[in-house]
Amino acid sequence: MDARPRTIYLPDTMVNWPWPRTVNPHYEDVKAEVDASFRDFKALSPELQEAFDKCDLALLTALFYPKAPREHFRVGCDLMNLFFIFDEYTDFKNEALTKEMADIVFDALHNPHKKRPEDECTLGEITRQFWARAIQSASLSSQRHFLETFPVYLYAVVDEAFDRGQDHRRSLDDYLKLRRKTIGVQPSFLILLMGINLPDEVFNHPVITDLAECIIDFVLIDNDMLSYNEEQANGNDAHNIISTIMFDLGLDVSGAMAWAAHYHTEVQKRFVDGLAKVPSWGPSVDALVKEYLDKTALLARGNHSWSYETQRYFATMGPEIQKTRLVPLLPRLDRKAM
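Bear in mind the structure is a predicted one, so any value in this text is a computation, not a measurement.

A. View of the packing of aromatic side chains. Scanning the model with the defined rule gives 24 aromatic pairs in all. Counting every residue linked through ring pairs, the aromatic cluster contains Phe83, Phe86, Phe130, Trp131, Phe146, Phe150 and Tyr153. For the cation-ring pair, Arg169 lies above Phe247, with the distance from its terminal atom to the ring centre recorded as 5.0 Å.

Structure below.
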């Protein structure tokens, strides 16, 4: 008999976050365009295409980047689609196959004008077209930062596949080190930076990098809390902060949710306190820094809002769960019977 609770209480981690939900005005227009373009790749089975449509990644992009101009927003949609397809193609794959796919994406990023092999996985052409479009409007510094950070994400997913294959469970500290990479937030900053040329000494300043890490932690904590129910039901929750807290700290699911929410609150305080420590580099650079940091804060809000507004995690129950904070616990699938 399953002795687990019937519902999970989901703390509202963003109730005191001062940056409001905002949607990019180009959402409806670009969504139709980018969805049609993605279907042309024929990259998904009918079942996965249906799951993709329910995610509404154009809405995620619109909430992530509410102030992006149309072309940058379109690039953001392509990037979110790339994250989705790479995630779907590598879920439950072993380390070798995941690395093979990561290598294809890496090569396509560095050869955006080179025709992909005809027998190659669709990932290569999806990546090539994304990056060929991005470099037409992205600042050189944003391109460089993306090419530095996206491979970190790719090969962290390979590390995740290794852990999965070995049934290896990480400590909470080690998990966070890996999850900050697999969550993909740092390369997602590309869209925020496309029209900004932040000097390297500013972008890499310890205060600025710590603020960026706070945003990364916000997104990974919220993502893992909100996706835990679905992932535990599918037996794919080893790479999740809630199951990691339960494993490493010996807590039940309610205790793990409370621990994660408390950590989220601490990170929020760190972010707000960190804003007061941002140095001055002169009026023109200071304005760019403020723009960049405000956009990162909106990204964190957007991720949280999207999770309830689409069917990615809660089917059609998102708005109700957002009000009640109660998530009906899904039964675990019997993989031996599948």
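B. Representation of the side chain of Thr310 within the structure. Mapped onto the fold, Thr310 is located in the loop between helix H15 (283-309) and helix H16 (318-324). Judged by its relative accessible area of 5%, Thr310 is buried. In this structure the side chain of Thr310 is engaged in a polar contact, spanning 3.5 Å, whose partner is the backbone nitrogen of Arg312. If we skip the residues at most four places from it in the chain, Thr310 touches Lys54, Cys55, Asp56, Leu59 and Ala315.

C. Highlighting a nonpolar patch on the surface. Nonpolar side chains collect at one region of the surface, where Leu249, Leu251 and Trp259 lie side by side and expose about 230 Å² of accessible area between them. Here Leu249 lies in helix H13 (residues 241-249). Residue class for Leu249 comes out partly exposed when judged on its relative accessible area of 38%.

D. Here's a closer look at unusual backbone geometry. For Lys42, which is not glycine, the phi dihedral falls at a positive 50 degrees. Here Lys42 is to be found in the loop between helix H1 (27-39) and helix H2 (46-55). Residues other than glycine seldom take positive phi values, yet Asp167 does so here, at roughly 55 degrees. Among the secondary structure elements, Asp167 is positioned in the loop between helix H7 (140-166) and helix H8 (172-182). Assessed through its relative accessible area of 67%, Asp167 is described here as exposed.

Rules and cut-offs
Residues numbered from 1 in each chain as written. Predicted model: local features only at pLDDT ≥ 70, side-chain atom pairs only at ≥ 80, totals over all residues. Heavy atoms only, no water. Phe/Tyr/Trp six-rings, centres within 6.5 Å; stacked < 30°, edge-to-face > 60°. Lys NZ or Arg CZ within 6 Å of the ring centre and 35° of its normal. Helix = DSSP H or I, 4+ residues; strand = E, 2+ residues; numbered from the N terminus. Buried < 20%, exposed > 50% of the residue type's maximum accessible area, 1.4 Å probe, protein only. Polar contact = N/O pair within 3.5 Å; in protein donor to acceptor, adjacent residues only side chain to side chain. Contact = heavy atoms within 4.5 Å. Patch = residues over 30% accessible without salt bridge, like charges linked within 9 Å, V, L, I, M, F, W, Y side chains within 5 Å. Areas by Shrake-Rupley, 256 points an atom, 1.4 Å probe, with all protein chains shown as cover. Salt bridge = Lys/Arg side-chain N within 4 Å of Asp/Glu carboxyl O.

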